Amino acid sequence: MMIERRELLMAGAGLAAAGTLAAPAAAQQHRMEGMAMSMTDCIDDCVASHRMCLETAAWLTKQGGASATASLIAMLNDCAELCQATANSMLRESPLHTILCRACADACERCARECLSHVVGERIKRCSATCKDCAASCRMMADMAS
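The name given to the chain in an unreviewed UniProt entry is Four-helix bundle copper-binding protein, with the source organism recorded as Novosphingobium decolorationis.

This is the structure we're talking about:
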């Protein structure tokens, strides 16, 4: 039987939180402007952006051509790494997760803009949209923790 990634991530979050007094990330609910936002939602957006950026960078590399610029591929890879680090910090309930959320929001916003400046099809548009969603989640999470 296959174990889904979310189950693995949540199991890791539980293990990481076992030695702390703080509630697990999945249980931490934040409210802003009447809208519920959980840390788990932000983690999910970071993981989705991480994956989309890596897949898009790989796709561009295979496609080649004028749109597969070294700067765009580097931006996608950098954004992916920061998204992963941010998700990991929230899973560990790191006191630095707010700083990483702000950095991730900035990186995702820049990556989304860069993708749109190289529009070569639906994949790039989806990547831009995924990065925008992650940026909004991370910005909200950072603002709520402030």
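Picking up after the structure, the text goes on.
Along the chain, the regular secondary structure elements total five helices and two strands. Going from N to C terminus, the chain has its helices and strands arranged as α-β-β-α-α-α-α. Out of the 146 residues in the chain, the part that is buried amounts to 40%. Accessible surface, the chain: about 8000 Å² in total, of which carbon and sulfur atoms supply 58%.

Okay, the state of the cysteines next. Counted according to the given criterion, the structure contains zero disulfides. Unpaired in terms of disulfides, Cys79 finds its nearest cysteine sulfur in Cys108, a separation of 3.6 Å. Owing to a relative accessible area of 2%, Cys79 belongs among the buried residues under this scheme. Unpaired in terms of disulfides, Cys134 finds its nearest cysteine sulfur in Cys108, a separation of 3.8 Å.

Before going further, it helps to examine the environment of Ser67. Along the polypeptide, Ser67 turns up in the loop between helix 2 (39-63) and helix 3 (70-91). Put simply, Ser67 and Val120 are 53 residues apart on the chain and 6.9 Å apart in space, counted from C-alpha to C-alpha. Discounting residues that sit within four places of it in the chain, Ser67 has contacts with Leu60, Leu72, His118 and Val120.

Opposite charge on two side chains permits them to pair, given that their charged atoms come into close proximity. On inspection of all chains with the given rule, the structure shows four salt bridges. Glu55 is the partner of Arg51 in a salt bridge, and the nearest nitrogen-oxygen pair spans 2.7 Å. Of this pair, Arg51 and Glu55 both sit in helix 2, four residues apart, roughly one helical turn. Of the charged contacts, one joins Glu109 and Arg139 as a salt bridge, the two residues approaching to 3.1 Å between their closest N and O atoms. Remark: Arg139 occurs in helix 5 (residues 122-145) and Glu109 occurs in helix 4 (residues 97-117); sequence separation between them is 30 residues. You can call Glu109 partly exposed: its relative accessible area is 30%.

Conventions we followed
- Residues numbered from 1 in each chain as written.
- Predicted model: local features only at pLDDT ≥ 70, side-chain atom pairs only at ≥ 80, totals over all residues.
- Heavy atoms only, no water.
- Helix = DSSP H or I, 4+ residues; strand = E, 2+ residues; numbered from the N terminus.
- Buried < 20%, exposed > 50% of the residue type's maximum accessible area, 1.4 Å probe, protein only.
- Areas by Shrake-Rupley, 256 points an atom, 1.4 Å probe, with all protein chains shown as cover.
- Disulfide = S-S within 2.5 Å.
- Contact = heavy atoms within 4.5 Å.
- Salt bridge = Lys/Arg side-chain N within 4 Å of Asp/Glu carboxyl O.

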